[in-house]
Amino acid sequence: MENNPKKKNSLKHVLFGSLIGTTIEFFDFYIYANAAVLVFPQLFFPDSNPTMATLESLATFSIAFLSRPLGSAFFGHYGDKIGRKFTLVAALLTMGISTVAIGFLPSYASIGVAAPLLLMLCRFGQGVGLGGEWGGAVLLAIENAPPNKRAWYGMFPQLGAPIGLLLSGGTFLFLTDSMSNEAFMDYGWRIPFIASSLLVVVGFYIRTKITETPSFENSKKEQEEVKVPFLTLVKSYKNQLIFGTFAAITTFLVFYLMTVFTLSWATSDLGIVKRDGLLIQLFSVLFFAIFIPVSAVVADKIGRRKMLIIATAAIAIFGFFFSYFLSSGNIILVTTFACIGMALMGFTYGPLGTFLSELFPTNVRYSGASLTFNMAGILGAAFAPMIAIWLASTYSVSYVGFYLTIAACISLFSFLVISKEEHKF
């Protein structure tokens, strides 16, 4: 790679700049997930029975996954055309404004059906912002990385997911412990949404200090820019788009089964109180965070594809044990279940960003990596909590595990047939 004459990003700016943005974005995303289970059914869908209210609330949760590919296409276009830096800042602001607005929404009791409609609009904005954020943050890391440490650099933005989840779950736990249920339902739930504005300010400041990546600058200098990145992807990289998407669906599915579904099922059907459900979730997230860097180290040694194949095969096997862990209602078994699932999540999530980014050349990498990741979000997560609750309620928890195993087999096949073409950085 040619030396870039412009000032290069320091290691500190690269890693912290990629981590802080995804931490903020995922914090915003997960406080909605917690509220969709614990708060929104009562405040925004009060006319339904409890089960229907939860399903309607989770339906608004899925909106963000449907809008994420739009964010990927929009921000990816400009990320590949004008640069990673400006696009990362714009995506962060889109997510932040949408999240803060949720904290000020009136409830159904105040404005009727307009309340859930406004909630859906804000959730749509969250999805658009996150759709543009993730790809840019991963590229900021790996396009500044040495060739033998791409998975290690690429796992830093991935760490934003468990950190954001710890912050969001910890915030909800603190609020439910420090105020009455009436106060929490009245105004307490709004605090994390509004407080996220402080995190956005910090992230905005850090992102403005970052310069363009060497890969993007070299691509620009060599005049490799394409007119419409999305059309180039569809024309020349269909294999990578299609099988990259299916390869990533298991990562999304296992995560949302371990978080949203498990929290909902444990608190509504197993009789575990909300506080204990949140504690189980927070404890299991530590395993998620630990195994992200572990998987990155292994992936740099044996290869990203091989690491992901091993992790996905383990998830396929794990799916057969859902009934054993969740049917008893034993809090120790439920905690063990959550920890194993989150450890497997760390194994598959750590190298995923690097793997998807390596499928595409620099001039369409932002669009390509973002679209595969977020299209997988629609297939693997948008309706996963609703499908899982329906399967568990209609049949049994075993069928939720079978659902995960089938998805893992689809991902395994995709890892095996996806294009192995190497692209320069």
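Scope of this entry: the structure provided in the associated data block. (Residues numbered from 1 in each chain as written. Predicted model: local features only at pLDDT ≥ 70, side-chain atom pairs only at ≥ 80, totals over all residues. Heavy atoms only, no water.)

### Thoughts on helix α16 (residues 331-349)
A rise of 1.5 Å per residue sets the reference length of α16, with its 19 residues, at 27 Å; its end C-alpha atoms lie 26 Å apart and thus fit the reference within 8%. At the N-terminal end of α16, a side-chain oxygen is found 2.8 Å from the backbone nitrogen of isoleucine 332, two or three residues along, and the residue is asparagine 330. (Helix = DSSP H or I, 4+ residues; strand = E, 2+ residues; numbered from the N terminus. Expected span 1.5 Å × (residues − 1). Polar contact = N/O pair within 3.5 Å; in protein donor to acceptor, adjacent residues only side chain to side chain.)

### A word on the packing of helix α14 (residues 304-318) against α16
Between α14 and α16, the shortest axis-to-axis distance is 8 Å and the interhelical angle comes to 155°. Taken together, the axis directions place α14 and α16 in an arrangement best described as roughly antiparallel. α16 is crossed by α14, and the crossing has left-handed handedness. Listed contacts from α16 to Met307, Leu308, Ala311, Thr312, Ala314, Ile315 and Phe318 of α14 are Phe337, Ile340, Gly341, Leu344, Phe347 and Thr348. Of the residues that constitute the contact of α14 with α16, the class distribution is ten nonpolar, three polar and no charged. (Axes fitted to C-alpha atoms, helices over the stretch in contact; angles between N-to-C directions. Parallel < 35°, antiparallel > 145°, perpendicular 65-115°, else oblique. Left-handed = near helix turned anticlockwise from the far one by under 90°. Contact = heavy atoms within 4.5 Å. Nonpolar A, V, L, I, M, F, W, Y, C, P; charged D, E, K, R; others polar.)

### Here's the deal with helix α13 (residues 274-302)
The terminal C-alpha atoms of α13, which comprises 29 residues, lie 41 Å apart, in line with the 42 Å expected from a rise of 1.5 Å per residue. Phi turns positive, to about 110°, at glycine 303, one or two residues after α13.

### With respect to the nonpolar core
Ranked by size, the top nonpolar core spans 129 residues in total, and within it Phe40, Tyr256 and Phe322 carry the most contacts. Broken down by element, this core gets its largest block of residues, 16 residues, from helix α12 (residues 238-268). Other than its neighbours up to four places away in sequence, tyrosine 256 contacts Phe29, Tyr30, Phe61, Phe65, Phe261 and Ala381. Membership of the second largest hydrophobic core comes to five residues, among which are Ile20, Leu92, Val200 and Ile206. (Core = buried A, V, L, I, M, F, W, Y, C linked by side-chain atoms within 4.5 Å. Buried < 20%, exposed > 50% of the residue type's maximum accessible area, 1.4 Å probe, protein only.)

### A short note on the side chain of threonine 354
Mapped onto the elements of the fold, threonine 354 is located in helix α17 (residues 352-357). A distance of 3.2 Å separates a polar atom in the side chain of threonine 354 from the backbone oxygen of arginine 150. If we ignore the near neighbours within four places in the chain, the residues touching threonine 354 are Val138, Ile142, Arg150, Ala151, Gly154 and Arg304.

### Side note on the side chain of serine 414
With respect to the helices and strands, the residue serine 414 is situated in helix α20 (residues 397-417). Apart from the residues lying within four places of it in its own chain, the contact partners of serine 414 are Phe243, Phe246 and Ala247.

### Concerning the pattern of salt bridges
Across all of its chains, the model carries five salt bridges by this definition. The salt bridge partner of glutamate 358 is arginine 150, with a shortest N-O separation of 3.4 Å. On the criterion of sequence distance, the pair formed by glutamate 358 in the loop between α17 and α18 (362-382) and arginine 150 in helix α7 (residues 150-178) is long-range, its members being 208 residues apart. Take glutamate 358: its relative accessible area is 16%, and that puts it in the buried class. Relative accessible area serves as the criterion here: at 13%, arginine 150 is assigned to the buried category. Residue glutamate 358 is joined to arginine 304 by a salt bridge in which the shortest nitrogen-to-oxygen separation is 2.5 Å. Pair noted here: glutamate 358 is in the loop between α17 and α18 and arginine 304 is in helix α14, with a separation of 54 residues, a long-range link. Arginine 304 sits in the buried class, given a relative accessible area of 13%. (Salt bridge = Lys/Arg side-chain N within 4 Å of Asp/Glu carboxyl O.)

### Structural notes on a nonpolar patch on the surface
Side chains of Ile317, Phe320, Phe321, Tyr324, Trp390, Tyr395, Tyr399 and Phe402 sit close together on the surface and give an oily, nonpolar patch of about 930 Å² of accessible area. Tracing the sequence through the fold places tyrosine 324 in helix α15 (residues 322-326). (Patch = residues over 30% accessible without salt bridge, like charges linked within 9 Å, V, L, I, M, F, W, Y side chains within 5 Å. Areas by Shrake-Rupley, 256 points an atom, 1.4 Å probe, with all protein chains shown as cover.)

### Structural notes on the packing of aromatic side chains
Tallying each qualifying case throughout the model produces 33 aromatic pairs. Ring centres of phenylalanine 44 and tryptophan 189 lie 6.3 Å apart, and the angle between their planes is 85°; on these two criteria the pair is classed as edge-to-face. In this pair, phenylalanine 44 sits in helix α2 (residues 40-44) while tryptophan 189 sits in the loop between α8 (181-188) and α9 (190-208), placing the two residues 145 residues apart along the sequence. Tryptophan 189 matches phenylalanine 44 in its accessibility class, with the two residues each being buried. When the centroid spacing of 5.6 Å and the interplanar angle of 65° are considered together, the rings of phenylalanine 318 and phenylalanine 322 count as edge-to-face. (Phe/Tyr/Trp six-rings, centres within 6.5 Å; stacked < 30°, edge-to-face > 60°.)

### Things to note about the packing of helix α4 (residues 84-102) against α18
Helices that pack against each other are described as a pair by the angle of their axes relative to one another and the distance between those axes. Remark: α4 packs on α18, axes separated minimally by 13 Å, with the N-to-C direction vectors making an angle of 15°. Taken as axis vectors, α4 and α18 run roughly parallel relative to one another. As α4 runs across α18, the sense of the crossing is right-handed. Side by side, α4 and α18 meet where Arg84, Thr87 and Leu88 of the first sit next to Thr362, Arg365 and Tyr366 of the second. A class-by-class count of the residues in the contact of α4 with α18 yields two nonpolar, two polar and two charged.

### Some points on the environment of alanine 343
Mapped onto the elements of the fold, alanine 343 is located in helix α16. Expressed as a C-alpha distance, the spacing of alanine 343 and threonine 213, which sit 130 residues apart in the sequence, is 32 Å.

### A look at the environment of tyrosine 108
Inspection of the secondary structure puts tyrosine 108 in helix α5 (residues 108-111). Each C-alpha atom of the pair tyrosine 108 and glutamine 42 lies 9.1 Å from the other, and the pair is 66 residues apart in sequence. In contact with tyrosine 108, other than residues within four places in its own chain, are Leu43, Phe44, Pro46, Asp47, Val113, Ala115 and Pro116.

### Notes on the environment of leucine 326
Within the secondary structure, leucine 326 is located in helix α15. Sequence separation of leucine 326 and glutamate 143 is 183 residues, and the distance between their C-alpha atoms is 42 Å. Apart from the residues lying within four places of it in its own chain, the contact partners of leucine 326 are Phe261, Trp265, Leu270, Val334, Phe337 and Val397.

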